[in-house]
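# Commentary on secondary and tertiary structure
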Amino acid sequence: MNVAALTSASQASPTSAKSAATVDYESFLKLLVAQMKNQDPTAPMESTEYVAQLATFSQVEQQVQMNKKLDDILQASALSQASGLIGREVVSHDGSVTGTVKEIKLYSDGVVAVLESGGQIPILPGVTIR
């Protein structure tokens with residue numbers, strides 16, 4: 001039985017809010033049972049191979065959960081650092097825009113400082129903060 005084909009087929013159609021790239025324990029157990037049902041009776045799979053598959057799956061799931069938690073920590077850190085810019089004077093990297101920061105907008109690809117004058121400066125390398 002081709003477990004890789006089953007895995008990729010289950011990932012092709014997303015279910016609820018879960019990412020299509022992750023497979024939960026229930027899906028893994030369904031794959032394991034299907035693999036056991038369809039194995040060659042003359043050359044059955046060793047139980048140690050099942051345990052190894054379960055351990056590998058567990059490690060991958062733990063890494064996915066750890067990556068999500070790290071992303072959450074990075075986002076909280078970025079928000080905390082960005083809030084420290086409010087009330088400070090910023091100068092764009094080319095010196096064309098200057099002003100006092102009124103609010104901060106945090107996007108997935110960076111931070112934008114909204115000035116009291118209404119202008120906006122993306123916080124990028126080369127921006128001066130006073």
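Check the entry above for the structure.
Residues numbered from 1 in each chain as written. Predicted model: local features only at pLDDT ≥ 70, side-chain atom pairs only at ≥ 80, totals over all residues. Heavy atoms only, no water.

So, about the pattern of salt bridges. Evaluation of the coordinates by the stated rule reveals 2 salt bridges. The residue aspartate 72 makes a salt bridge to lysine 68 at a minimum N-O spacing of 3.3 Å. Highlighted residues: aspartate 72 and lysine 68, both in helix H3 (residues 47-83), separated by 4 residues, approximately one helical turn. Judged by its relative accessible area of 37%, aspartate 72 is partly exposed. The partner of arginine 130 in a salt bridge is glutamate 89, with the nearest N and O atoms 3.3 Å apart. One end of the pair, arginine 130, is in the segment after strand E5 (128-129); the other, glutamate 89, is in strand E1 (residues 89-91), and 41 residues separate them in sequence. The exposure class assigned to glutamate 89 is partly exposed, which follows from its relative accessible area of 30%. (Salt bridge = Lys/Arg side-chain N within 4 Å of Asp/Glu carboxyl O. Helix = DSSP H or I, 4+ residues; strand = E, 2+ residues; numbered from the N terminus. Buried < 20%, exposed > 50% of the residue type's maximum accessible area, 1.4 Å probe, protein only.)

As a further point, take the environment of glycine 119. You can see glycine 119 is positioned in the loop between strand E3 (110-115) and strand E4 (120-122). Judged by relative accessible area, glycine 119 falls into the partly exposed class, the value being 24%. Through-space distance from the C-alpha of glycine 119 to that of lysine 102 is 10.0 Å; in sequence the pair is 17 residues apart. When neighbours within four sequence positions are excluded, glycine 119 is seen to be in contact with Ala113 and Val114. (Contact = heavy atoms within 4.5 Å.)

The next subject is H3. Taking 1.5 Å per residue, 37 residues should reach 54 Å; H3 reaches 55 Å between its end C-alpha atoms and fits that length. Among all positions of H3, only Tyr50, Phe57, Ser58, Glu61 and Ala82 are buried. (Expected span 1.5 Å × (residues − 1).)

Purely geometric stuff here, so don't read any function into it on its own.
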